[in-house]
Amino acid sequence: MNEQTTVAVIGTGIMGAPMAANLASSGLDVRVWNRSREKAEPLADRGADIADSPADAAAGADVVLTMLADGGAVESVMSGERGALAAMGDDAVWLQMSTVGIDATERLLSLAAQRGVAFVDAPVLGTRKPAEQGELMVLAAGPEALRERCAPVFDAVGREVRWVGVQAGAASRFKLVLNAWLLSLTETLSETIAFARELGVDPAEFLDAIDGGPLGLGYAQLKGKPMIALAFDEVAFSLSLAAKDARLVHDAIEAIEDAESRLPFFAALDAQYARADELGHGHEDMAAVHHAARFAGS
Ligand code: NAP
């Protein structure tokens, strides 16, 4: 690939929009499509072309990059007559960068295989700010022969690429492990803050006491302060998508023999994120899982 590589970015939400902007800034030709067109339109000022359908975005593109909410959304924009797959050239590469889990990655891989296009499983670690700064960590799995063709795209959106396998699915598995850690930290923090309140201990004092020591993760300060203030409007990662990821982790555990009895925490984790979502906080930041620790479940 050279400077004239054309990338179709499908999905310009919190992550996809800054990724598309960074791709355009790095000199690649960028087309974007988003279901709600108004979220794609500001990217015209960054040099991207706004497409009318996934197929319009994908026609003639060297790379089609999907960054959508979940596996169902990806499947729907890629399939069908106006879907991107039908319009992709035979030599194009599909970079699937949304977090969709193991089973959906298998389904998407087989859609790509049926159509005869190359597929790279490439979810990311990092949130709104790293996406804006082009500082994501890309986890990638796919044939070695595709690595060079992926490099200009990954370089534009990421600070690091970790190739974790040659079979699609390996990167999505890695991403689930990272998400198990991230979601657990947030839930543990939430329950510890709720517990402090119950005991009449000031949760701000708790955060202050761990700050700077071996127990004081920067992440605890970042997510703990909004939990204490009950202010979740600054969304880096929505609670509804965090609940989707807690479900994906739990699904993966259910699929492993005996794992549910050995790793019981992840079922509770899934239930807490689902409950905060059901309480109506899906559009808030994932730290709003704290609502589940404040209100008794049924
Ligand atoms: P977001 O801001 O909620 O954007 C979701 C995107 O999916 C939007 O473009 C939305 O379109 C689209 N979409 C949802 N359902 C659709 C459907 N049925 N058909 C077509 N388009 C649909 O989410 P995000 O934070 O950018 O996350 C995107 C992906 O990256 C997710 O898989 C997420 O888990 C993953 N991720 C997120 C973060 C993070 O910190 N935010 C970090 C790493 C990975 P509309 O605009 O029309 O709703």
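None of the values given here were measured: they were computed from a predicted structure. (Residues numbered from 1 in each chain as written. Predicted model: local features only at pLDDT ≥ 70, side-chain atom pairs only at ≥ 80, totals over all residues. Heavy atoms only, no water.)

Trainee: Describe in detail the overall build of the protein, supporting the description with residues and values.
Mentor: Of the regular secondary structure elements, the protein holds 14 helices and 9 strands. Taking 2.2 N^0.38 as the reference for a compact globule, 298 residues should give roughly 19 Å; the C-alpha atoms of the protein span a radius of gyration of 20 Å, in line with that estimate. Based on the C-alpha atoms only, the size of the protein along its principal axes is roughly 65 × 45 × 35 Å. Counting across all 298 residues of the protein, residues that qualify as buried make up 50%. Residue pairs in contact within the protein that sit at least 24 positions apart in sequence constitute 64% of those at least 6 positions apart. (Helix = DSSP H or I, 4+ residues; strand = E, 2+ residues; numbered from the N terminus. Rg over C-alpha atoms; globule rule 2.2 N^0.38 Å. Buried < 20%, exposed > 50% of the residue type's maximum accessible area, 1.4 Å probe, protein only. Contact = heavy atoms within 4.5 Å.)

Trainee: Explain the site of the ligand to me, and be specific about the residues and the numbers.
Mentor: Of all residues adjacent to the ligand, which total 26 residues, the nearest are Asn34, Ser36, Lys39, Thr127 and Lys244. Separating an oxygen atom of the ligand from a backbone N or O atom of Ile14 is a distance of 2.8 Å. Within the complex, the protein chains bury 86% of what would otherwise be the 900 Å² of accessible surface of the ligand. Those elements that place two or more of their residues in the shell around the ligand are helix H3 (71-78) and helix H11 (239-254). Counted by class, the shell around the ligand contains 11 nonpolar, 10 polar and 5 charged residues. (Near = heavy atom within 4 Å. Polar contact = N/O pair within 3.5 Å; in protein donor to acceptor, adjacent residues only side chain to side chain. Areas by Shrake-Rupley, 256 points an atom, 1.4 Å probe, with all protein chains shown as cover. Nonpolar A, V, L, I, M, F, W, Y, C, P; charged D, E, K, R; others polar.)

Trainee: Quick rundown of the pattern of salt bridges? Include the residues and the values.
Mentor: Evaluated as defined, the whole model comprises 11 salt bridges. Across the pair Lys223 and Asp285 runs a salt bridge, and its minimum N-O distance is 2.8 Å. One end of the pair, Lys223, is in helix H10 (residues 218-229); the other, Asp285, is in the loop between helix H13 (265-281) and helix H14 (290-294), and 62 residues separate them in sequence. Judged by its relative accessible area of 8%, Lys223 is buried. Through salt bridges with shared partners, one network takes in Arg247, Asp251, Glu254 and Asp270. (Salt bridge = Lys/Arg side-chain N within 4 Å of Asp/Glu carboxyl O.)

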